[in-house]
Structures are given as C-alpha cells and as structure tokens.
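Here's the letter readout for the chains.
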Amino acid sequence: MLKPTYQADVVVVGAGVAGLSAARRLTSAGVSTVVLEAAHEVGGRMATEKVDGFRLDRVGRLLSTAYAELHVTPGLEELVLRPFAPGVLLHSDGRHHRAGVQPGSRRARGARSAMGARGALHAVRALASAPRPGPRRPVAVPGRQVSVPRNRGGAPLGTALDQARLGAALNRLAGTSTERLLARPETTAAEALHGRGLPARTVDGFLRPLLAALLCDPELVTSSRTADLALRDFARGRLCLPEGGAEALPQSLARSLPPGTVHTGVRVTSVSTTSVTTAEHGELRCAAVLVATGARDAAELLPGLRVPDFHPVTVVHHTTDEPPGTDASLLLDADRGGPVAHTAVVSAVDPSRAPAGRTLVTSTVLGPATADTDTAVRAHLARLYGVPTARWETLAVRHTADAAPVMRPPHDLHRPVRLLAGLYVCGDHRDGGAVQGALRSADRVATALLTDLGLNRPMHTADPLPTARAA
Ligand SMILES: Cc1cc2nc3c(=O)[nH]c(=O)nc-3n(C[C@H](O)[C@H](O)[C@H](O)COP(=O)(O)OP(=O)(O)OC[C@H]3O[C@@H](n4cnc5c(N)ncnc54)[C@H](O)[C@@H]3O)c2cc1C
C-alpha cells in the first residue's frame, strides 16, 4: 500500500507503454520513480483479455520488425515478435493475391537472434535494393477454383508494368532517410498517393487498404509524412504481432522495473510541479510529475492541453473448428466490400493466442461498433476467406472510441514534452500517434527530465553491458 507520505523523485501518471518506458529509463539512471495506474492492470490500450484459453487483444495492433523503437527501448529485450507471411494477401473479386513481398530478405547487421527464437526480436529485413519479383500467382480461396494470374485492369495490382512501378516506389521509400521523408511537402495521405504517378488501381487496390490498416484511418486524412514513415517501415520489414498478445510490450517493460515501482488501482485526480493527488491515497510529493495518459485524460489533468480527434476502432475475435486456408497472412480487402479493414488467422501467426487445436481469427473494423457489427463482419469474412462463417463462435467484440489520435497535416511529430520545470507529458499524442510514437515520446521526456534533474546521459544505453565474470 502507498502511504500518503510517500515521496519519489518522479511520479509517472499512467502505466501504458509510454509511462512504463519513461519509468524504465528514469530508474535505470538512478531516479526514484513511482508509476500510478488507475486500472487494475498495466498496459493501457495495449491490453490483452483472456477468454477460455484465448488471448484477445483490444487493439488489432500491427507492428513491423522495422520499428527501430522495438530494438532500442530498454526493457523490451525479451519481446518476441511473430511475423505474418511476407507482404499481405489482397482479396479482390473472389481471389487472393500476395503483394508487397520483399525479395531476398536477409538478417540485418545487429538483428537479435533468429526468427521464432525465444527472447529475441525477429530479424529486421535488409533495405530493399534488389528488383522486386514479378506478379505472383494468386492463392486459391478455399472452396473456389484455383485461378491463374490475371493482369487485367480490375486486379488489385494492375499489370506487370504497374507492379514494377509499385516495387520501384516502395524500394525508393525503403532507402529514404527519415530526414528526407520529413522534408517532403505535407498534405493528406490520400492526396499524396494520387500525386506520386502510380496508377489509380495500384493506389486503390493496394496502397489505400494497406495504409488504412497501418494508420487506423480509412479516409487517409493522416499527414502524408506519417503515412510515408508507415509505408517505409512496411517496405523495410515484416508485419508482425507480439507473442502472447499486445500486453507483452507493457508487461515486458513493467517486469524490467525495480519491484514496487508500479501501483495499479490508483487514480490521479490532480497534478502540480511537486505533487499529485490521488483518489485513493491523498497527496504524494515528488520533485517532478510526468503525465503519461492518453490525450483526453492528460487534458483533464493539464487544462489547456490540446485534445486531438480520434480514430475509433472495433476488434472482433472469432473461433472456428475449420481454419480458413490463408496460413499466417494478413488479409486486406482491395474491393472494400464490407466493414473489415484487415483480418488474420492470428493463431497461425502466434499459436500462443489460442488453446491447442483451436483457431483464433481476429478482424479489425475502422469505425464504431453497431448492433449488427458481428453479423456484418461474419458476412464479410465469408467472402474474404471463401468459407462459411455462420457457425463461427464470436469470442469478443471490443470497441475503443479513442483508439488512435488523428494526425492531420500539419502534424508535429515532436510536440513539447516539457511543459514547465517539474511538469512533463508523454504518450502517443505527443509524437507519431502509435506505439512507436509513444515509445519515442518516452525517450524524449526522460531526456528532458534527466537534464532538468542534472542527471542526463545518452539515451538508448541505459543498460550497461554485463561484465565478464572471471572463471
Ligand atoms: C483498438 C485499437 C487499435 C489500435 N491500433 C493501432 C495500430 O494499428 N497501430 C498503432 O500504432 N497504434 C494503434 N493503436 C494505438 C496504440 O495502442 C497506442 O498508441 C498506444 O498504446 C498508446 O500508449 P500510451 O502509453 O501513450 O497510452 P495508453 O495506452 O492509453 O496508456 C495510458 C494509461 O494511463 C492510465 N490513466 C489514465 N488516466 C489516469 C489517471 N488519472 N490516473 C492514473 N492512470 C491513468 C490509463 O488507464 C492507461 O493505462 C490502437 C489502439 C486501439 C485501442
């Protein structure tokens, strides 16, 4: 139990990935830190629910092995990333087409261990410089006739020439530095896609559904710079899921903190530069306060802080005894013929998410849930997978209104994290509006705090290398 007289150098409000990562950096630098979390579990939006042996994410979260933050954030060393099959599977006109596959992947220098190995991040793909392969044979939708490649206008990737142009564009993007991407003129992702000289069918059949899935933004109102960064990560790496569920990230970070750092079930009701007041334990005094909640809660504690609009997201989990035959692919609908933005047999990607012999299908709807969401999703899934879904069992339908901040242009990827000496803020709303943005904002705020506390030292090196023991 916390005592009202408890004092710490820094009190962090919120145990999402941003707050936990900042706490990890602070404690590693010797700063006594307390993290207060209103919920009974750590993780915030990256929660994983356990239902009948299934592990169900609230977020249909897609990570990329190319996210630098997953490799440099102290506390994530134990994270295991489970990759989807290369590229994505596009459904169009009753057929499946694999798209966006990077040729000749090899382990990048410094990548930690082999794919699938416990205690290791999966290999980061080398930058694509080789030419992309030609059109791939469409994969047969189970229950339908095996199709031959068609390069007619309606196919999602267009002609062989269209695909070569797409490959060249993705390769160029993969090799472009962050500085150069951020120096490009900024508009919406939708406008930028149509100004890049790519055929409309490539944009509408592949890039639009892919970006919608990556950004949680069906209309592509997101800043083109943020969209370019997301596409670049797609081109550089493999889409993947954290083994064990989204909660693996916050759980890893929480485990890396000194025992007793995190206190759950404690709601902060007000903050100042030297104290926080909690609903359960009164006032706690400290040298500095870091508000690491989502944007709306942060604005309640810090009046005047901007509250962005949010993309609402609904995630639907089903189980079936007859797994659809799409292996570990991420399936997108190029025809946009229903509410599902992306879907996958996630138990094929990460078997730990379902009991042995059971199948877990997770589908993401970009938008609010309605009374008939499950019915509409099942009907759409039947078309996408080409199998009847009437007998699939619904495990959960989870809706989050404030899932991801809208990042319209002009979008500042470096919103201030230091409000006053003693009062700081971090979270996805200060940066790129996603997990990697939340982690980057934690890095920036820890640097600011350590500087103000006179303890600064280079970030990303918080863990000293183990000293070799004499035999
Ligand atoms: C359904 C869904 C889909 C998503 N899909 C994607 C995606 O595809 N790609 C992507 O990049 N991102 C996605 N996201 C967003 C991603 O999950 C977030 O960017 C990330 O989790 C933000 O972490 P955070 O630490 O900034 O905030 P949060 O995870 O919101 O953590 C804040 C914490 O503060 C706590 N808190 C709030 N108020 C108080 C208080 N007064 N006192 C104490 N504690 C408090 C909360 O309980 C919470 O635990 C999705 C989110 C959802 C919900």
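Refer to the structure above for everything that follows.
Cut-offs used in this document
Here the residue numbering is sequential within each chain, running from 1 through the sequence in written order. Totals for whole chains, interfaces and linings use every residue, but because this is a predicted model, local features are given only for residues with pLDDT of at least 70 and side-chain atom pairs only at 80 or more, for both listing and counting. Values reported for side chains reflect all heavy atoms of the structure, with hydrogen atoms and water molecules removed beforehand. The criterion for strand pairing is that DSSP finds at least two bridges linking the strands in question. Here a helix means four or more residues in a row that DSSP labels H or I, a strand means two or more in a row labelled E, and each is numbered from the N terminus. Interaxial angles span 0 to 180 degrees and are taken between N-to-C directions of axes, which are lines fitted to C-alpha atoms, for helices over the stretch in contact. The rule is simple: take the accessible area with a 1.4 Å probe, protein chains only, and divide by the maximum for that residue type; under 20% is buried, over 50% is exposed, in between is partly exposed. When checking whether two residues touch, look at their non-hydrogen atoms; a contact exists if any pair is within 4.5 Å. Here, a salt bridge means any side-chain nitrogen of Lys or Arg that lies within 4 Å of a carboxyl oxygen of Asp or Glu. Side-chain atoms within 4.5 Å link the members of a nonpolar core, which is a set of buried Ala, Val, Leu, Ile, Met, Phe, Trp, Tyr and Cys residues. Put simply, a residue is near a molecule or strand once any heavy atom of it comes within 4 Å of that molecule or strand. What qualifies as a polar contact is a pair of N or O atoms within 3.5 Å, subject to a donor-acceptor requirement within protein and to the restriction that residues adjacent in sequence count only when both atoms come from side chains. For the area figures, the Shrake-Rupley method with a 1.4 Å probe applies, and any residue is considered shielded solely by the protein chains shown.

### Re the sheet that holds strand β16 (residues 340–345)
Across the sheet, seven strands lie side by side as β8-β7-β15-β16-β17-β14-β18; this open sheet has mixed pairing. The strands lining the two open edges of the sheet, one partner per strand, are β8 (95–99) and β18 (393–405). Neighbour to neighbour, the strand axes of the sheet diverge by 25° on average, direction disregarded. Strand direction decides the pairing type here: strand β7 (residues 88–92) and strand β15 (residues 331–333), joined by three bridges, are parallel. When the sheet's bridge partners are listed, Leu 90 is paired in β15 with Leu 332.

### Describing unusual backbone geometry
Here the residue pair Pro 409 and Pro 410 is connected by a cis peptide bond, since its omega of -5° sits within 30 degrees of zero. With respect to the helices, strands and loops of the structure, Pro 410 is situated in the loop between β18 and β19 (418–420). With phi around 50°, Asp 52 is a residue other than glycine that occupies positive phi space. The residue Asp 52 is located in the loop between β3 (48–51) and β4 (54–57) in this model. Taking relative accessible area as the criterion, Asp 52 reaches 62% and is therefore assigned exposed. Within the chain, Leu 220 stands out as a residue other than glycine whose phi angle is a positive 55°. Note on placement: Leu 220 falls in the loop between α6 (200–215) and α7 (224–236).

### Some points on the pairing of strand β9 (residues 239–242)
Of the two faces of β9, the one holding Leu 239 and Leu 241 and the one holding Cys 240 and Pro 242 are both buried throughout. Relative to β9, strand β5 (residues 63–64) is paired through two bridges, and the arrangement is antiparallel. Looking at β9, one finds that Ser 64 is bridged to Leu 239. Note: strand β6 (residues 81–83) against β9, three bridges, orientation antiparallel. Bridge pairing in β9 places Leu 81 opposite Pro 242.

### Digging into the environment of Leu 449
Inspection of the secondary structure assignment puts Leu 449 in helix α12 (residues 435–452). The class for Leu 449 is buried, based on a relative accessible area of 0%. Along the backbone, Leu 449 and Leu 423 are 26 residues apart, and their C-alpha atoms lie at a distance of 9.1 Å. If sequence neighbours within four positions are ignored, Leu 449 has contacts with Val 10, Leu 26, Ala 288, Leu 290 and Tyr 424.

### Looking at the pattern of salt bridges
Within the structure shown, the criterion is met by 21 salt bridges. One salt bridge connects Asp 204 with Arg 208, and the closest N-O pair in it is separated by 3.6 Å. Linking Asp 204 with Arg 208, this pair stays in helix α6, spanning four residues, or about one helical turn. Residues Asp 374 and Arg 378 are paired through a salt bridge, measuring 3.2 Å at the closest nitrogen-oxygen approach. Remark: Arg 378 and Asp 374 occur in helix α11 (residues 373–385); sequence separation between them is four residues, near one turn of the helix. The class for Arg 378 is buried, based on a relative accessible area of 15%. Linked through salt bridges whose partners overlap, the residues forming this network are Glu 69, Asp 431, Arg 440 and Arg 444.

### Comments concerning the sheet that holds β5
Pairing within the open sheet is antiparallel, and its three strands lie in the order β5-β9-β6. The open sheet is flanked by β5 and β6, the only strands paired with a single partner.

### Brief notes about the nonpolar core
Of all hydrophobic cores here, the largest spans 48 residues; its most connected members are Val 88 and Phe 206. The leading source of residues in this core is α6, at eight residues.

### A short note on the site of the ligand
The ligand sits among 32 residues. The nearest are Glu 37, Arg 45, Arg 61, Asp 428 and Ala 434. In this structure, Arg 267 approaches the ligand through a side-chain N or O atom, which is 3.4 Å from a nitrogen atom. In this structure, Val 268 approaches the ligand through a main-chain N or O atom, which is 2.9 Å from a nitrogen atom. The fraction of the free accessible surface of the ligand (1,000 Å²) that becomes covered by protein chains is 95%.

### Considering the environment of Gly 294
By secondary structure assignment, the location of Gly 294 is in the loop between β13 (282–291) and α9 (295–301). Relative accessible area serves as the criterion here: at 25%, Gly 294 is assigned to the partly exposed category. Residues Gly 294 and Asp 428, 134 residues apart in the sequence, show an inter-C-alpha distance of 7.3 Å. For Gly 294, the residues in contact, after removing those within four places along its chain, are Arg 45 and His 429.

### Brief notes about the pairing of strand β12 (residues 275–278)
Sheet topology note: the strand β11 (residues 268–271)/β12 ladder contains three bridges and is antiparallel. Considered in β12, the bridge of Val 271 is made with Val 276. Taking the residues that link successive antiparallel strands as the turn, the β11-β12 hairpin has three residues. Taken together, the four bridges between β12 and β13 define a ladder with antiparallel strand orientation. Note on β13: the bridge partner recorded for Thr 277 is Glu 283. Between β12 and β13, which follow one another and run antiparallel, lie three residues.

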